[in-house]
Amino acid sequence: MKYSLSENDVHDLQQKAKKVRLDVIQMISKAGSGHPGGSLSCVEILVTLFAKVLKHGPEIKDWNKRDHFHLSKGHVCPTLYSLLAHAGYFPVEELGTLRQIGSILQGHPHAKTPGVDAPSGSLGQGISIACGMAVAGKADKAGYSVFTLLGDGELQEGQVWEAAMFAAQYKLDNLCLIIDNNGQQIDGAIKDIMSPYPIDEKFKAFGFHVSNVDGHDIPALYDAFKTREEIKGKPTVIIAKTVKGKGISFMEGNLAFHGRATTDEETKQALKELDE
Amino acid sequence: MTEMLMAREAYGDLLVELGTENKNIFVLDADLSSSTKTSKFAKKFPQRFINCGIAEQNMINVAAGLAVAGKTPFVSTFAIFGSGRAWEQIRNTLAVGKLNVKIVVTHGGISVGPDGVSHQSLEDIALMRTIPEMKVLVPCDAPEAVAAIRAAAEISGPVYVRLGRPKVPTIWKETRFTIGKAQLVNQGNDVSIVACGIMVNEALNAAKILSIKGISAEVINMGTIKPLDGDILLTSLRKTGCVVTCEEHSVIGGLGSAVAEFLSQNHPVPQYFIGIKDRFGQSGDPEDLMVEYQLTAEDIAAAAEVVMKKK
């Protein structure tokens, strides 16, 4: 790998990932509903992005002076909320209000959350929104990058491919898609429901720079993010192979946890595993 | 002879003006720029014109991203695609996010003519009106279109502006369009005729037909469907006691429905709905279609006489 992180950095990010997983389990368990499986599969991706790649922070008010992240697979927002809270966008105590009436933390992302710029939750739209942000950045010669995280099931939305064509046509090299390729959607395995494979060949054909990585390997993710900065004239997609429910033994690969909260007993077990 | 102009032609010219005044204005189209007349902006400001190809859903969300980044995007295509093809994108992203995107569609209504049912949008006012945060404007002619779109550009948030395809006579005499304010275009005492878009001209002609019969009809140009001007309705209906609503749109969910929703709660009166009566359009000459779908001045005048008897 061309770009590497120090052992200390990797250790630090792994600890951060553990903390995010704790938050995710506690938030969804308290809310009594949510999407823990996908929230856990994208943890290393977003921890690496927020800690080592994205230029951001609540103190940067000027839109053109920061990078931008838009969560297209909005249902995994607990992971995003945890990262935003710990980055200082809002008090960490707010995490306990997820999905409650009047909360700044809606069940799917909403601009009422500090650090969230555009709503999401309806799949397939985030890539287009990110394209718009990237076009604006190019027009202003602002130099920022736009990142968006999509699910692999989300690739079934036709709009994703409208936007993919658009991104290549307008040479949006300041745009980076990340696919959380955990292989599952609500009704089953994506390959059985409506296969998007081969994902990499499809994006190559659409004119993207394509990077395949293990989505739980922090150094590999970091290398993919840094390598894309050298790519000129085309957008990048990082296809991150992940495990749904990653980090909790009984949730890994278990489709039941796509869209349900853990029971009290399961929550205890999950928190115990994360504590070890 | 009344001047005949295409509202969309005026829209194209206005975009060039707006683009000159404001460098934040971007224009997006979905391969219909020669029809919507956004091509004029494209020629003048190619760097700020984004042809999205035939992909309306992506176009709406690209506009959303531009708005989030502080730009003022104008999005244009035909009414049927701009409202229908991308409805959920408009609802879930533009409106939920209160994003500053102006959707200016052309080819609204039955007067699209020969292209037929697939290109005649008769449901778009209803589709847009039900969305919170969305404002809906239906100007009656080219000058009102220009003023309405300027007014839309001056406020923040999503606005839907519906323009037609054909040349229409110039009626509008105001200097400024205020969103949510209608105009009294003919004073009368016996019946109120509330119209939008090209139906304002038909309504004025209906008032002439009625005056020959000794009936005094008040005509209101309701250029904003949402937010609706309730004050003008109350003032007029307290006087006349009955109303005919006229729109080049389905009678389900459009101007007539908006007026009925308001009056039924504030000043219930007999109402007659002139509009497309739960049917699809078809190919034909616009004038023949107006007759077939009972949208003419004669239809409105007849409706006025019917509704007056129910007072």
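Residues numbered from 1 in each chain as written. Chains lettered and ligands numbered in written order. Predicted model: local features only at pLDDT ≥ 70, side-chain atom pairs only at ≥ 80, totals over all residues.

Colleague: Explanation requested: the pairing of strand β7 (residues 236–241) of chain A in the structure shown.
Modeller: Looking along a regular strand, one sees the side chains alternate between the two faces of the sheet. Residue and element names in this part refer to chain A. Across the six residues that make up β7, a large majority, five, are buried. Two elements, strand β3 (residues 175–181) and β7, share six bridges in a ladder whose sense is parallel. Bridge pairing links N181 to K241 in β7. Where strand β6 (residues 209–214) lies against β7, six bridges are found, and the strand directions are parallel. The residue bridging D214 from the neighbouring strand is K241, located in β7. (Buried ≥ 20, exposed ≤ 12 C-beta atoms within 10 Å, placed from the backbone. Helix = DSSP H or I, 4+ residues; strand = E, 2+ residues; numbered from the N terminus. Pairing = 2+ DSSP bridges.)

Colleague: Could you clarify how one ought to interpret the interface of chain A and chain B in this entry?
Modeller: The accessible area lost on association of the parts is a frequent measure of interface size. Taken together, the contact pairs 22 residues of chain A with 22 residues of chain B. Of all the secondary-structure elements, those providing two or more residues to the side of chain A that touches chain B are α5 (126–139) and α6 (158–169) of chain A. Sort the elements by how many residues they give to the side of chain A that touches chain B and α5 of chain A lands first, with ten residues. Partitioning the side of chain A that touches chain B into residue classes produces 13 nonpolar, seven polar and two charged. (Contact = placed C-beta atoms within 7 Å. Nonpolar A, V, L, I, M, F, W, Y, C, P; charged D, E, K, R; others polar.)

Colleague: Would you mind showing me how to read the sheet that holds β6 of chain A here?
Modeller: In a beta sheet, neighbouring strands are held together by backbone hydrogen bonds and run either parallel or antiparallel to one another. All names here are of chain A. Strand order in the open sheet formed by five strands is β1-β2-β3-β7-β6, with parallel pairing between adjacent strands. Looking at which strands have only one partner, the edges of the open sheet turn out to be β1 (68–71) and β6. The sheet shows a mean angle of 20° between the axes of neighbouring strands, direction not considered. The strands touched by α5 are β1, β2 (146–151) and β3; relative to β2, the strand with the most contacts, the crossing angle is about 170°. (Axes fitted to C-alpha atoms, helices over the stretch in contact; angles between N-to-C directions.)

Colleague: Sorry if this is basic, but what is going on with the domain arrangement of chain B here?
Modeller: Residue and element names in this part refer to chain B. Assigned domains within chain B: domain 1 (4–169) and domain 2 (183–308). Put simply, the middle of domain 1 and the middle of domain 2, counted by C-alpha atoms, are 25 Å apart. Every contact between the two is made by 27 residues of domain 1 and, on the other side, 30 residues of domain 2. Of all the secondary-structure elements, those providing two or more residues to the side of domain 1 that touches domain 2 are α7 (124–129), β6 (135–137), α8 (142–154) and β8 (167–169). A per-class count over the side of domain 1 that touches domain 2 returns 16 nonpolar, six polar and five charged. (Domains from an automatic or database assignment.)

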